[in-house]
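# Understanding the architecture of this molecule
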Amino acid sequence: MSSAPTVYNHGVSWEEGNSVSQGYRVNGTIYIAGQFSHTLEGEFVDGDAAVQTRQTLENLDHVLAGFGVDRSNIAAVDFFLVHAKRDFEAVVNVWKAYIGEHRPAATLVGVNYLASDAQIVEIKVIAHAA
């Protein structure tokens, strides 16, 4: 296994414009930036917490696949919700369907604001490459 860092990007304009990557792998650990509900063309997918969570997890799958891994490689997940009390159940139900029997460490944090006014869910992950 190479210790040289590698990156993954969706190819949307704000990545280069903001000098960020969607994922960064070094020494077998994959740090995945907070994902949110946008298409791979960069268009925001508005909707309730369940809709945004499903799109966010689809984007997460793209990043994981870009590193040649899948959901079973997720070691830790952080959920950021603008309306944590209101949306907790919807987000957790979508997550449970997504993750199946795998049980990574998890944190859920209520926040006042995310990057976009319409964004109510963001999900950040640490995964392992082996």
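Each remark here, short or long, concerns the structure printed above.
Just so you know, these numbers come straight off a predicted model, no measurement behind them.

Throughout the structure, instances matching the rule amount to two salt bridges. A salt bridge links aspartate 61 to arginine 71; the nearest nitrogen and oxygen atoms lie 2.7 Å apart. In this pair, aspartate 61 is assigned in helix α2 (residues 49–66) and arginine 71 in the loop between α2 and β4 (74–81), connecting sequence segments 10 residues apart. A residue is classified by how much of its surface remains accessible, and aspartate 61, at 24% relative accessible area, is partly exposed. With its nearest N and O atoms 2.8 Å apart, the salt bridge here joins arginine 86 to aspartate 87. By relative accessible area, which is 6% here, aspartate 87 ends up buried.

Take the side chain of glutamine 35 next. With respect to the secondary-structure elements, glutamine 35 resides in strand β3 (residues 29–35). Among the residues examined, glutamine 35 registers a relative accessible area of 1% and is labelled buried. Engagement of the side chain of glutamine 35 in a polar contact is seen with the side chain of glutamine 22, the distance being 2.7 Å. Residues in contact with glutamine 35, not counting those within four places in the same chain, are His10, Gln22, Thr56, Asn59, Leu60, Val63, Val121, Glu122 and Ile123.

Another point: the nonpolar core. Residues Leu60, Leu64, Ile74, Trp95, Tyr98 and Val125 are the most contacted members of the largest nonpolar core, which totals 26 residues. Those elements giving two or more residues to this core turn out to be β3, α2, β4, α3 (84–99) and β6 (121–128). Not counting chain neighbours up to four residues away, the residues in contact with tryptophan 95 comprise Leu57, Ile74, Val77, Phe79 and Pro104.

Once that is clear, we can look at the pairing of strand β5 (residues 105–110). Relative to β5, β4 runs parallel, the two sharing six bridges. Bridged to leucine 81 within β5 is glycine 110. Where the polypeptide runs from β4 across α3 and back to β5, its parallel neighbour, the crossover connection is right-handed.

About the thresholds
Residues numbered from 1 in each chain as written. Predicted model: local features only at pLDDT ≥ 70, side-chain atom pairs only at ≥ 80, totals over all residues. Heavy atoms only, no water. Salt bridge = Lys/Arg side-chain N within 4 Å of Asp/Glu carboxyl O. Helix = DSSP H or I, 4+ residues; strand = E, 2+ residues; numbered from the N terminus. Buried < 20%, exposed > 50% of the residue type's maximum accessible area, 1.4 Å probe, protein only. Polar contact = N/O pair within 3.5 Å; in protein donor to acceptor, adjacent residues only side chain to side chain. Contact = heavy atoms within 4.5 Å. Core = buried A, V, L, I, M, F, W, Y, C linked by side-chain atoms within 4.5 Å. Pairing = 2+ DSSP bridges. Right-handed = clockwise from strand over helix to strand, strands pointing away.

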